[in-house]
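# Structure at a glance
Given next are the chains, with one letter for each unit.
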Amino acid sequence: AQSVTQLDSQVPVFEEAPVELRCNYSSSVSVYLFWYVQYPNQGLQLLLKYLSGSTLVKGINGFEAEFNKSQTSFHLRKPSVHISDTAEYFCAVSDPFRGGATNKLIFGTGTLLAVQP
Amino acid sequence: GAGVSQTPSNKVTEKGKYVELRCDPISGHTALYWYRQSLGQGPEFLIYFQGTGAADDSGLPNDRFFAVRPEGSVSTLKIQRTERGDSAVYLCASSYSGVNTEAFFGQGTRLTVV
């Protein structure tokens, strides 16, 4: 079965510093990869997704992620964070090539990005 | 409405009672998903509807959980004989069908079983 690992439960960072949130997935077969953000008291919002093509994916709010098939990783990066980026970030994978729906997602446990002034 | 709407936003029930959680998807979205998010965990897939039919219910934990979508729009997640372990935030998402589609999530229903 597919699984997603987010090793860092919390990442503290100062405002305007760069950040990387790590995500590794278990499958060696083709999958779709996603990053979602959950702001306090709000629903999950899609940041970006990788389906195919270029391994560098750009998303909303200045975030980007790089798909690395050999390392089965999909790390999320932002060159300069703001206080408003403080939120929980979830990496997710789906396996539509074996009959699953695109949005039948397996989520990691999340990483809390805590941006400090 | 503009987004996915879930009602109620909070539900407290006694152990052993029956509850219903409602999801109003975005108009025109044929796919609808239910997820459950326990404290400190990521959302966990429960069931997926394509139109009126449950295309994949492999995530339902046991036969106390059931969901319907009779007219292909609103969906109801039903939990019988609730247990304290059912306490979680239940999330609903909807999307168009197809490969390159985005799922839009509601804010969830927080269920507390006491």
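Residues numbered from 1 in each chain as written. Chains lettered and ligands numbered in written order. Predicted model: local features only at pLDDT ≥ 70, side-chain atom pairs only at ≥ 80, totals over all residues. Heavy atoms only, no water.

What follows concerns the sheet that holds strand β3 (residues 19-24) of chain B. Residue and element names in this part refer to chain B. Strand order in the open sheet formed by four strands is β1-β3-β8-β7, with antiparallel pairing between adjacent strands. The open sheet has two edge strands, β1 (5-7) and β7 (65-68), and neither has a second partner. On average, adjacent strands in this sheet sit at an angle of 15 degrees to one another, irrespective of strand direction. Note: β3 against strand β8 (residues 75-79), five bridges, orientation antiparallel. By the bridge assignment for β8, Glu20 is matched with Lys78. (Pairing = 2+ DSSP bridges. Helix = DSSP H or I, 4+ residues; strand = E, 2+ residues; numbered from the N terminus. Axes fitted to C-alpha atoms, helices over the stretch in contact; angles between N-to-C directions.)

Turning our attention to unusual backbone geometry. Each neighbour pair has its own omega, and for Thr7 of chain B with Pro8 of chain B the value is -10 degrees, a cis peptide bond. Residue placement: Pro8 of chain B occurs in the loop between β1 and β2 (10-13). In this structure, Glu16 of chain A is a non-glycine residue whose phi angle is positive, near 75 degrees. Mapped onto the fold, Glu16 of chain A is located in the loop between β2 (10-14) and β3 (19-21).

Attention now moves to the interface of chain A and chain B. With 19 residues of chain A in contact, the opposing surface of chain B contributes 22 residues. The junction of chain A with chain B conceals about 1,600 Å² of combined surface from both sides, 53% of it contributed by carbon and sulfur atoms. By the criterion of area lost to chain B, the three top residues of chain A are Leu44, Asn103 and Lys104 of chain A, representing 32% of everything that side buries. Where chain A packs against chain B, one counts one salt bridge. For Lys104 of chain A, the salt bridge is made with Asp56 of chain B, and the minimal N-O distance between the two is 2.7 Å. Looking at the side of chain A that touches chain B, the elements that each hand over two or more residues are β5 (32-38) and β6 (44-50) of chain A. The class makeup of the residues in the side of chain A that touches chain B is nine nonpolar, eight polar and two charged. (Contact = heavy atoms within 4.5 Å. Buried area = accessible area lost by both parts, 1.4 Å probe. Salt bridge = Lys/Arg side-chain N within 4 Å of Asp/Glu carboxyl O. Nonpolar A, V, L, I, M, F, W, Y, C, P; charged D, E, K, R; others polar.)

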